[in-house]
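# Inside the fold
Single-letter residue listing:
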Amino acid sequence: MSLIRTLLARRETLLLCAMLALLIGVTARFPEFATPASLANVFHDTSILIILALGQMAVILTKSIDLSVAANLAFTGMTVAMLNHAFPDLSILVLMGLALTMGLALGAINGLMVWRLNMPPIVVTLGTLTIYRGLAFVESGGAWVNAHEMSPAFLELPRAVVAGLPVLSWLAILAIGLSVLLFDRTPIGRAFFATGGNAVAAVYTGIDVGRTRFYAFCLSGMLAGLSGYLWVSRYAVAYVDVAGGFELNVIAACVIGGVSIAGGIGSVAGTVLGALFLGLIMNALPVIGVSPFWQMAISGAVIIAAVTINARAERSVGRNILRRKEIVL
Amino acid sequence: MNAMSPTQSVHTAEAQPLLEMVGISKSFPGVKALSDVALSLRAGHVTALIGENGAGKSTLVKCLTGIYQPDSGEIRVDGKPVRFATADAAQAAGVTAIHQETVLFDELTVAENIFLGHAPRTRLGFVDWAAMHARAAAILHGIDAPISTRVRLKDLSIAQRHLVAIARALSVDARIVIMDEPTAALSYKEVEDLFRIVARLKAAGKAILFISHKFEEVWRIAEYYAVFRDGRQVGAGLLADVDQHDLVKMMVGRDVAHVFPKGEPKIGDTVFSVRKLSHPTEYDDISFDLRRGEILGLYGLVGAGRSEVCQALFGVSRPGSGEVLLDGQPLVTRSPSDAIGAGIVYVPEERGRHGAITAMPIVSNMSLPSLRQTSRRNFLRMAEEFALARTYAERLDLRAASLSQPVGTLSGGNQQKVVIGKWLATRPKVIILDEPTKGIDIGSKAAVHAFMSELAAEGLAVIMVSSEIPEVLGMSDRVLVMREGRMAGLFDRQGLTPEILVRAATGNSEGRQ
Ligand SMILES: Nc1ncnc2c1ncn2[C@@H]1O[C@H](COP(=O)(O)OP(=O)(O)OP(=O)(O)O)[C@@H](O)[C@H]1O
Ligand SMILES: [Mg+2]
């Protein structure tokens, strides 16, 4: 059992209850929403968000932020789509490996600037957010890669059903499993928590804080790259504005899941639940027949509500608020 | 047990207390930090509050200053019940405090830190900067702290920060002044300064609550005492009626005789040599040898550069010039991880900032520098981590509900034990302990000292920075005294007296022996 997870047990329970309440509410009117098939579909729909949120979690744990994930996704997605168009015979596994490597490289650029040049992560990734999307435009000239320009293998892999679930869902499950190992069972995972929890103390413990942040950005970039392929394949189209603004959903999933923006606190379980919670809302609202305009406002309101509840849960621990009050004294 | 009952009145002839607390209880998840405690403070008098680490002292302070709300009980000021919903309310009612963990802002200036939240205003309601700096300077002058009001806090030493925290408490016109272990970071000179301030406050008719683990201090400045144990008040009265044994017995429930457990040292070869270590501003020309099995005391006034030297040895900062040899080989430590890899560890003085990761559980904090030992093929093994943490928690008498508890929920002294334990667990060649018993109660202090002797007996070389003369004299084989960044003397244990140490630390040094 993970310690850091027990710490957050209450928050995760809360989130689970909120999801159940939502589910029951919707199912009361639309029973078909809670069928296993429909729920599996919600999970499938949320898979990319989960994968991205797990990478983002590493970054936020080290008290940084990666705003460039969606741009990285678009750039990498465009690149693999164009490669697939140009060389339809290139194996999908090679393309996936390429997506991972390219995402990793883009993440490493973020990480290097944070580590070596000591730049604030928010500035670095705001910059690369624009740059990566700009590069996607440069390489495509603004043109789209459409479904008929992609090879069948390219389109089919994420959807192929294995043991009852599509590969995309399995990839999310794999990412969750590996993340549990990474965050709870390896020294580098522990270093993510220590770096964000108290950077100075981490240095005194012999942890290289800059390098730890670099690794976090690499992880986030790598998963963004993978998601690039998954996204263009799933939606069967690649264009410059793919996943525009999606970085905010990713960060929201982390925050809803109890990852503290101040660093050092968070859990895989929480992050996954945070992402699923968002996914559930996005899927439930159209079912209840809420107009698309209201959908955005409602999901925004729910995010704020969830974050408020989280903040209150944190307050009852007494630590954060205490600090603030002592200052006022 | 012969403790006086809390209800027994020992102040019959006296005027009504300025502040009274009755039946105060406060629980945290899993712990009852205070149960039904009473305390009264009198104008013009100092009440000493003592108790083991985790007895509930700081929790009481926080209830008194509006940071925590007691679950039950009543606080009365001048006989009238009051409720402090916020820290501001407590301040408005005339209660001010120097907290054990002072929270100040690194990026703000000294004056801003002192007056944050109650800055003097001009008639238009803007901050009156001139008045603020003038008043801050006056307060600092009043406590003999030669600190500019315009420097940023991050440029100050720990002791100077502490003085700023004291100035902050005094910047409020309060009738009730609470000091939660104010002397823990200070050397005897600053302690003397602080005592003069206390005497002045006393003469001005303030009621003072003074928390300390050092009995000499308690007897010097306090008239009344109150003893807490496990969240209960187990005694209160006039200090004149009791002696140290009585208090210790109330505190611990048994007799603890603190003799320094200094064994007959088996001192071996030189393991660690420092040659002409110099830094442009902090220290100059520091040289010494450290031998296996030896405890080298490092004494000096606060600001003498002791911690800076240690931090350079640990690779946190870079010396300007000089050489360090480990086992005869030149050693360059560019980062703490280099030093740890070479077998040198440093237990920092400022444990809140440098030592503990408060959101992490006790067990992960303790195992953090030892993950190489507790993991197998790069995978952590929780069982090993728990075993390690349990061993050191027991040896240091750590008081916690569980090892999975976040370190931030421990009492100040228990947090220190976690940090000390985490470094002892690494089993290094050379260990540098910066104020190892700061803020630790007497029972646990004995445990830490015994541990040090044991490590030395196993052949470890120990450097112990300490501002407590009895500790320096009791534990060290040799003592290096620093003054204003230079070596002011290197003394053998034999024939060393407090006078010699103080003379070397303050000036008119006798030279080296
Ligand atoms: N925020 C908190 N959450 C949970 N438990 C807490 C919290 N603050 C304090 N405690 C617990 O309350 C008890 C009393 O702590 P307190 O800080 O008052 O001790 P103390 O007497 O000041 O000790 P010390 O001498 O070490 O400073 C301890 O068991 C501590 O673990
Ligand atoms: Mg305390």
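Predicted model only: the values in this text are computed from it and were never measured.

As a further point, take the overall build of chain A. Looking only at helices and strands, chain A features 15 helices and two strands. Partitioning the contacts of chain A with sequence separation of at least 6, the portion at a separation of at least 24 is 79%. Carbon and sulfur atoms make up 72% of the accessible area of chain A, which totals about 13500 Å².

Below, the discussion takes up the interface of chain A and chain B. Chain A puts 29 residues into the contact, and the matching count from chain B is 50 residues. Taken together, the connections running from chain A to chain B amount to one salt bridge. Across the pair R190 of chain A and E385 of chain B runs a salt bridge, and its minimum N-O distance is 3.0 Å. The tally of links from chain A across to chain B stands at five residue pairs in polar contact (both at pLDDT 80 or more). Counting residues per element, the ones that place at least two in the side of chain A that touches chain B are α1 (3-7), α8 (167-185), α9 (187-197), α10 (199-204) and α15 (319-328) of chain A. Looking at which element gives the most residues to the side of chain A that touches chain B, the answer is α15 of chain A, with seven residues. Among the residues making up the side of chain A that touches chain B, the classes are represented as 17 nonpolar, five polar and seven charged.

This brings us to the sheet that holds strand β10 (residues 232-238) of chain B. Pairing between the strands of a sheet comes from backbone hydrogen bonds, and it takes one of two forms, parallel or antiparallel. All names here are of chain B. One open sheet holds the six strands; their spatial order is β6-β7-β8-β3-β9-β10, and the pairing between them is mixed. One side of each edge strand has no neighbouring strand; the edge strands of this open sheet are β6 (95-98) and β10. Averaged over all adjacent pairs, the angle separating strand axes in this sheet is 15°, with direction ignored. Strand contacts of helix α6 (residues 188-203): β3 (46-51), β7 (176-180) and β8 (207-211), with the helix running at about 150° to β8, the strand carrying the most contacts.

With that settled, the discussion passes to the coordination of the magnesium ion (ligand 2). Residue and element names in this part refer to chain B. Surrounding the magnesium ion (ligand 2) are the protein donor atoms S58 (OG) and Q100 (OE1), which sit 1.9 to 2.1 Å from the metal. Taken together, the residues span a long stretch of sequence, with S58 in helix α1 (residues 57-64) and Q100 in the loop between β6 and α3 (110-115) at a distance of 42 residues. You can call S58 buried: its relative accessible area is 18%.

All names here are of chain B. Close contacts around ligand 1 come from 21 residues, with K57, S58, T59, S411 and G413 the closest. Within the side chain of S411, one N or O atom sits 2.7 Å away from an oxygen atom of ligand 1. Protein burial of ligand 1: of its 640 Å² of free accessible surface, 93% is covered by the chains. Counting residues per element, the ones that place at least two in the shell around ligand 1 are β2 (31-41), α1 and α15 (412-424). When the residues that make up the shell around ligand 1 are grouped by side-chain class, the tally is six nonpolar, twelve polar and three charged. Formed jointly, the shell around ligand 1 draws a minimum of three residues from each of two domains, domain 1 (6-94 + 174-252) and domain 4 (356-427).

Parameters and conventions
- All residue numbers refer to position in the chain's written sequence, counted from 1.
- The naming scheme follows written order: chains are lettered A onward, ligands numbered 1 onward.
- Whole-chain, interface and lining totals are the exception, using all residues; otherwise, since this is a predicted model, local features are given only for residues with pLDDT of at least 70 and side-chain atom pairs are given and counted only at 80 or more.
- Values reported for side chains reflect all heavy atoms of the structure, with hydrogen atoms and water molecules removed beforehand.
- Put simply, DSSP H or I for four residues or longer makes a helix, DSSP E for two residues or longer makes a strand, and each gets a number counted from the N terminus.
- When checking whether two residues touch, look at their non-hydrogen atoms; a contact exists if any pair is within 4.5 Å.
- In these tables, accessible area is a Shrake-Rupley quantity obtained with a 1.4 Å probe, and a residue counts as shielded only by the protein chains included in the view.
- The rule for a salt bridge is simple: a side-chain nitrogen of Lys or Arg has to be within 4 Å of a carboxyl oxygen of Asp or Glu.
- Here a polar contact is recorded for every N or O atom pair within 3.5 Å, except that within protein the pair must consist of a potential hydrogen donor and a potential acceptor, and residues adjacent in sequence are included only if both atoms are side-chain atoms.
- For this scheme, ten residues count as nonpolar: Ala, Val, Leu, Ile, Met, Phe, Trp, Tyr, Cys and Pro. Four count as charged, namely Asp, Glu, Lys and Arg, and the remainder, Gly too, count as polar.
- Pairing between two strands requires that DSSP report at least two bridges joining them.
- Helix axes use the C-alpha atoms of the stretch in contact, all axes being lines fitted to C-alpha atoms, and the angles between their N-to-C directions lie in the range 0 to 180 degrees.
- Metal donors were taken as nitrogen, oxygen and sulfur atoms no farther than 2.8 Å from the ion, or 3.2 Å where the ion is Na, K or Ca. Water is excluded, so coordination may look unfinished.
- Relative accessible area decides the class of each residue, using a 1.4 Å probe on protein chains only: under 20% of the type maximum gives buried, over 50% gives exposed, and in between gives partly exposed.
- It suffices for a single heavy atom of a residue to lie within 4 Å of a molecule or strand for the residue to be listed as near it.
- Where a domain begins and ends is set by an automatic assignment or by a domain database.

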